[in-house]
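Summary of the model geometry
Spelled out from the first residue to the last, the chains are:
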Amino acid sequence: MDRNDKMQTHFSLPKCTKQRYNEWIFSDVPSDITIEVCGGNFALHKFPLVARSGRIRKLAAELRDSDVSKVELFSLPGGAEAFELAAKFCYGINFEITSSNVAQLCCVAEYLEMTEEYSKDNLFSRAEAYLDSIVCKNLEMCVEVLQQCENLLPLAEELNIVSRCTEAIATKACTEQIASSFSRLEYSSSGRLHMNKPAKCEEDWWIEDLSVLRIDLYQMIISAMRCRGVRPESIGASLVHYAQKVLTKKPSLWSAAPNQTKVEIVGAIPHEQKVVVETIAGLLPVEKLTVPVSFLFGLLRTAIMYDCSIACRLDLERRIAAHLEMASLDDILIPSFRHSGDTLFDVDTVHRILVNFSQHDDGEDDMDDGSGYESDEPHSPSQTALIKVAKLVDNYLAEIAPDANLKLSKFMVIAEILPSHARLTDDGLYRAIDIYLKAHQGLSDTERKKLCKLIDFQKLSQEAGAHAAQNERLPIQAIVQVLYFEQVRLRNALCCSSSYPDEEPKFVSYQSRRISSGALSAAMSPRDNYASLRRENRELKLELARMRMRLNDLEKEHVCMKQDLQKSSSYNLMSSFTKRIGKMSLFGLSYSRGSTSPSKRSQKTDFSKVLS
């Protein structure tokens, strides 16, 4: 065993020991000063200490005229372990400076004033040199130093140890991403540079290393990375990994569990967890799709459970609403954490998310210029998102409908939050309302009528209409509407099939589509409906042009036959031709640009008679 190992072995006593037997000092010279640090006593000599430490020099000078030879060092950073290293340095005993002790050495050297002012090449300058030349060039070492700094704050911040390591990590991560981007550049066949494959967050190996840090130090690193230009996707992946590692003591926070009881999640919530949630929510990138929407829902559930600030929860709700169409039913089923006697699910939070989504969708529509109405696309991206969210809402309503404590007003405010053109069909809404009526049989007739007014029975499919016609839970007025629209649909189908059995199949199919397109047109947004009307008008113009040509031919044929009739005095020929002309009832229909379908006008008129 060499000298250093022997010294380390003799000094491995617990920190709480009142007296330390330090055999690594000069045993043949009696000690003349005792240093007490964190309950541990060090019997040392003044000369080597005052030669290196300005603080001990001042304290020893104060004790010169007294009989007291004991000095207490309160709140020494790093405790007895750090002071032992500093004392060894004063005695000239060699030890290795590493990433695990360099932060302690910097802080204890500053506290003991072991600077160049008192001795050349002192402890502080040596630790600083190691920190700048070795640690700041290696990301793993920087993370290890920051871990040591957690117990050395705020002195470690005052000495810029934290800021230097933070900037070094951010610069290293940014440099590696730039190098990775250059390695993926290649020339295309046209001679232009492009990326041969997209960047993957798996290449950012530092994501795992940063997850061991405390939230305040982690926040500094992420903020520095954002300033340095690190990809938002990488920052988002790091936030997801950190949150899942720190906050997943209850896995149900990240995947909704409808059968979860409130007893197991309500209780004493540590303040640190609340700070973590609020900090991560504030660090989320502003760019879309940098984190999964399921993660945002999990973070929102955690924020509600930990009673985070209102600003934090509202910000998460706005982020979720920005791409709500990507959410699943499990995501949107947010348990009610606080009110044991209320509903099973947090309906109010979902309502605010849907309000944000509706406002966001309207804002996108307002930003579009008039040229958007000229598009012949069947659906705009916002309309596609609206349809997906409508299906999600219908499934959500069906899931919360059996809750006996769910009030009618809360159910209805969710059902009517989206515009009418969001639903292609009302089958999902009808199913949810039917489940609610079955679970809440104590509703009055007025409440049932008010609830069923949300359904557009003209947009029900044939199967849903048949079910509604026999549903005893519906009020009689709703059943009358269902029967009426089913009768209109059947009559239109019979008229189309009997009036045009053989000729002009394209026009007949188009007319049939137009007569029965109430659900489709109602499910379109105003912009898409306008584009659809333009297409219909163009098709009508073509059909009318063809019919005019046929009319001209028939008029010529009529003139010829009239002349023949006059010559032959044949009445039967004229009668046959008159019947043939009488079949051309299409000319009695008036089609104009932007006009509504005649069948729709007749339906509205007949329906008002039925209701009266």
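Please refer to the structure placed before this passage.
Reference entry: report on the structure contained in this document.

What counts as what
Sequence order as written defines residue numbering, which begins from 1 separately in each chain. Given that this is a predicted model, residues contribute local features only at a pLDDT of at least 70 and side-chain atom pairs are listed and counted only at 80 or more, while totals for whole chains, interfaces and linings are drawn from all residues. Here the side-chain values reflect all heavy atoms present in the structure, with hydrogen atoms and water set aside. We define a salt bridge as a side-chain nitrogen of Lys or Arg found within 4 Å of a carboxyl oxygen belonging to Asp or Glu. Segments assigned H or I by DSSP are reported as helices when at least four residues long, segments assigned E as strands when at least two residues long, and all are numbered from the N terminus. Classification of residues uses two cut-offs on accessible area relative to the type maximum, computed with a 1.4 Å probe and protein chains only: under 20% is buried, over 50% is exposed, and between them is partly exposed. All axes are obtained by fitting lines to C-alpha atoms, using only the stretch in contact for helices, and the reported angles, taken between N-to-C directions, cover 0 to 180 degrees. Angle categories are assigned with fixed cut-offs, so that under 35 degrees is roughly parallel, over 145 is roughly antiparallel, 65 to 115 is roughly perpendicular, and the rest are oblique. By convention the crossing between two helices is left-handed if the near helix lies anticlockwise of the far one by an angle smaller than a right angle, and right-handed if it lies clockwise. Working rule for contacts: check all heavy atoms of both residues, and any pair within 4.5 Å makes them a contact. Centres within 6.5 Å make a pair out of two Phe, Tyr or Trp rings, where for Trp the six-membered ring is used; the pair is then stacked when the planes are under 30 degrees apart, edge-to-face when over 60, and tilted otherwise. Here, a charge over a ring means that NZ of Lys or CZ of Arg falls within 6 Å of the ring centre while also lying within 35 degrees of the ring normal. Two strands pair if DSSP finds at least two bridges between them. By the criterion applied in these results, polar contacts are pairs of N or O atoms within 3.5 Å in which, for protein atoms, one can donate a hydrogen and the other can accept it, and in which residues neighboring in sequence qualify only through two side-chain atoms.

As a further point, take the pattern of salt bridges. Applying the stated rule across the entire model yields 17 salt bridges. Between Lys-88 and Glu-84 there is a salt bridge; the shortest N-O distance is 3.6 Å. With Lys-88 and Glu-84 both in helix α4 (residues 79-90) and 4 residues apart, this pair spans about one turn of that helix. Overall, the relative accessible area of 6% leaves Lys-88 in the buried class. Its salt-bridge partner being Asp-216, residue Arg-214 comes within 2.9 Å of it at the nearest N-O pair. Look at Arg-214 and you get partly exposed, because its relative accessible area is 34%.

Right, let's talk about the packing of helix α19 (residues 408-415) against helix α21 (residues 445-452) for a bit. Where α19 contacts α21, the two axes come as close as 11 Å, and the packing angle between them is 15°. Taken together, the axis directions place α19 and α21 in an arrangement best described as roughly parallel. Crossing of α19 against α21: the hand is left-handed. Here α19 contributes Leu-408, Phe-411 and Met-412 to the contact with α21, which in turn contributes Glu-447, Lys-450 and Leu-451.

Before going further, it helps to examine the packing of aromatic side chains. Enumeration according to the criterion identifies 4 aromatic pairs in this entry. Ring centres 4.1 Å apart and planes at 10° place the aromatic pair Tyr-218 and Tyr-242 in the stacked group. Highlighted residues: Tyr-218 in helix α11 (residues 215-228) and Tyr-242 in helix α12 (residues 232-247), separated in sequence by 24 residues. Accessibility expressed as a relative area gives 3% for Tyr-242, which makes it buried. On the basis of an interplanar angle of 25° and a centroid distance of 4.6 Å, the ring pair of Phe-411 and Tyr-436 is categorised as stacked. On the criterion of sequence distance, the pair formed by Phe-411 in helix α19 and Tyr-436 in helix α20 (residues 427-439) is long-range, its members being 25 residues apart. Residue placement shows Arg-55 over the ring face of Tyr-111; its charged tip is 4.1 Å from the ring centre.

Structurally, Ala-127 can be placed in helix α6 (residues 123-133). We classify Ala-127 as buried; its relative accessible area is 0%. Separated by 24 residues in the primary sequence, Ala-127 and Ala-103 place their C-alpha atoms 7.9 Å from one another. Leave out the neighbours within four places in its chain, and Ala-127 touches Ile-97, Val-102, Leu-105 and Cys-106.

This part takes up the sheet that holds strand β3 (residues 70-73). Taken in spatial order, the 3 strands line up as β2-β1-β3 in an open sheet, and their pairing is mixed. Either end of the sheet is taken by a strand with one partner, and the two such strands are β2 (40-44) and β3. When strand polarity is set aside, the average angle formed by the axes of neighbouring strands in this sheet is 25°.

The next subject is the pairing of β3. Burial along β3 is one-sided: the residues Val-71 and Leu-73 are buried and none of Lys-70 and Glu-72 is. Looking at chain direction, strand β1 (residues 33-37) and β3 are connected through 4 bridges and run parallel. Bridge pairing in β3 links Glu-36 to Glu-72.

Turning to the side chain of Thr-166, a few remarks are in order. Along the chain, Thr-166 turns up in helix α9 (residues 161-183). A distance of 2.7 Å separates a polar atom in the side chain of Thr-166 from the backbone oxygen of Val-162. Each residue touching Thr-166, except ones within four places of it in the same chain, is listed here: Leu-146, Met-220, Ile-221 and Ala-224.

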